[in-house]
Amino acid sequence: MSKPVLRLGTRGSPLALVQAHQVRDALIAAHPGVEVEIVVIRTTGDTVQDRPLSEIGGKGLFTREIEDGLLGGALDIAVHSAKDMLPVLPDGLMLAAFREREDPRDALVSPGPIARLADLPHGATVATVALRRKALLLHARPDIRAVPIRGNVDTRLRKLDEGVAQALLLARAGLNRLGRGAVGVPVPVEDMLPAVGQGAICVECRGADGATRDLLSAINHAPTETCVRAEFAMQAVLEGSCRTPIAGYAVLADGGLWLRALVARPDGSAVLATERRGGARDALALGADAGHELRGRAGPGFFED
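Described in the following lines is the structure provided in the data block. Since the structure is predicted, the reported quantities are computational estimates derived from the model, not experimental observations.

On to helix 6 (residues 153-161). Residues Val153, Thr155, Arg156, Leu157 and Leu160 constitute the buried set of helix 6. For helix 6, the elements touching its buried residues are strand 5 (106-109), strand 8 (167-171) and helix 7 (172-177). Capping the start of helix 6 is the job of one residue whose side-chain oxygen sits 3.2 Å from the backbone nitrogen of Asp154: Asn152. Positive backbone phi, at 95 degrees, marks Gly163, one or two positions downstream of helix 6.

What follows concerns the nonpolar core. Counting 26 residues, the largest nonpolar core has Phe232, Met234, Leu257 and Val263 as its most contacted members. Of all the elements, helix 9 (residues 222-238) adds the most residues to this core, at six residues.

With that settled, the discussion passes to the packing of aromatic side chains. Considering all chains together, one arrives at zero aromatic pairs under this definition. Here the basic side chain of Arg260 rests over the ring of Trp258, its NZ or CZ set 3.8 Å away from the ring centre. Looking at Arg277, its charged tip hangs above the ring of Trp258, at a distance of 4.2 Å from the centre.

So, about the environment of Arg101. In this structure, Arg101 sits in the loop between strand 4 (93-98) and strand 5. Considering only alpha carbons, one finds Arg101 and Ala74, 27 residues apart in sequence, at a separation of 28 Å. Within the local environment of Arg101, its side chain forms a polar contact with the backbone oxygen of Gln198, the two atoms lying 2.8 Å apart.

Right, let's talk about the sheet that holds strand 10 (residues 201-206) for a bit. Two orientations exist for strands paired in a sheet by backbone hydrogen bonds: parallel and antiparallel. Strands sit in the order 2-1-3-10-4 across an open sheet of five strands; the sheet is mixed. Edge positions in the open sheet fall to strand 2 (35-40) and strand 4, since each of these has one partner strand only. Averaged over all adjacent pairs, the angle separating strand axes in this sheet is 30 degrees, with direction ignored. In this sheet, strand 10 lies alongside strand 4 in antiparallel orientation, the contact comprising five bridges. Looking at the pairing, Phe98 lines up with Cys202 of strand 10. Contacting strand 1 (5-10), strand 2, strand 3 (77-81) and strand 10, helix 1 (residues 14-30) runs over the sheet at an angle of about 165 degrees to strand 2.

Bridge count between strand 1 and strand 2: six bridges; the pairing is parallel. Residue Val5 lies in a different strand from strand 2, and its bridge partner there is Glu35. In this fold, strand 1 hands off to helix 1, which returns the chain to strand 2; that crossover is right-handed. By the bridge criterion, two bridges tie strand 1 to strand 3 in an arrangement that is parallel. Looking at strand 3, one finds that Gly9 is bridged to Ala78.

The subject of this paragraph is the side chain of Thr224. Here Thr224 shows up in helix 9. A residue is classified by how much of its surface remains accessible, and Thr224, at 5% relative accessible area, is buried. Apart from the residues within four sequence positions on either side, Thr224 is in contact with Phe98, Arg99, Glu100, Arg101 and Ala200.

Glancing now at the sheet that holds strand 12 (residues 256-264). Taken together, the three strands give an open sheet; going across it, the order is 11-12-13, and neighbouring strands pair in antiparallel fashion. Across the chains shown, the open sheet's two edge strands, defined by having one partner strand only, are strand 11 (246-253) and strand 13 (271-278). When the angles between neighbouring strand axes are averaged without regard to direction, this sheet yields 10 degrees. The pairing of strand 11 with strand 12 spans eight bridges and is antiparallel. From the neighbouring strand, Ala253 faces strand 12, where its bridge partner is Gly256. Of the strands in this sheet, strand 12 and strand 13 touch helix 10 (residues 283-298), which is tilted by about 155 degrees from strand 13.

The next thing to look at is unusual backbone geometry. In the Ramachandran plot, Asp254 falls in the positive-phi region, its phi being about 55 degrees despite a non-glycine side chain. Along the chain, the position of Asp254 falls in the loop between strand 11 and strand 12.

Cut-off values and rules
Residues numbered from 1 in each chain as written. Predicted model: local features only at pLDDT ≥ 70, side-chain atom pairs only at ≥ 80, totals over all residues. Heavy atoms only, no water. Buried < 20%, exposed > 50% of the residue type's maximum accessible area, 1.4 Å probe, protein only. Helix = DSSP H or I, 4+ residues; strand = E, 2+ residues; numbered from the N terminus. Contact = heavy atoms within 4.5 Å. Polar contact = N/O pair within 3.5 Å; in protein donor to acceptor, adjacent residues only side chain to side chain. Core = buried A, V, L, I, M, F, W, Y, C linked by side-chain atoms within 4.5 Å. Phe/Tyr/Trp six-rings, centres within 6.5 Å; stacked < 30°, edge-to-face > 60°. Lys NZ or Arg CZ within 6 Å of the ring centre and 35° of its normal. Pairing = 2+ DSSP bridges. Axes fitted to C-alpha atoms, helices over the stretch in contact; angles between N-to-C directions. Right-handed = clockwise from strand over helix to strand, strands pointing away.

Remember, this is a structural readout, not a statement about activity or role.
And the structure:
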């Protein structure tokens, strides 16, 4: 009898491939008889590099073609950065596993001796791809000029060296996974709340594929799943996408769950924040409740510049 082969779909960036190989290795370690074939899918988000994601359809552009492969049967599982996921999955798909979360913080990278956002010179230019980072940066430092930047981690670091900006903001987790942990300095969560799901890897499959779900259950990190699902629940209420500056970060502490969440105007002129504490079993309810509060406080038109 031949060994089962799982076809794993992933983007082709260096970081995405590192994450895909981590999931593959974990599956093989948990199930020695399983073979995993990595299938690289080029997404619209990878193809279009000359415009911000908010102008070309949002973060679903990093998952759509891969999810089409799952739904069409060409793939069995898909590996994503959790922060790239839309709040609601296509019918027939589910997130069956989460890997243990990496450092969720953002990183500030600069050629000069800059250790904090406060150390940036007046009027400095900072490159970032995320509306959340831009909004929170401008809220803390209205004098800063935020400039867009696209490309994988190495491309962004190269552009920084070429002088596109005086500093760069990107996810700490990506640097760590690529072996670049010595690059830049972490930005405290209190100064810049992370994106929903930042630092976590999730594995998607067809909901009806019970055999694959069983395989994935062995590599699921339950604490990470609990925290990220609370963040997703908050984001879903807000109907958040790449066009919406939303941040959310949950941790398990003192026997319960602590969720911090916020929404911001794109220009950084206003930030609304809240938090929830409660039992881990109530993670989804806590997230949804935080989302409803922020949505009510924001009101219509809040996210318009």
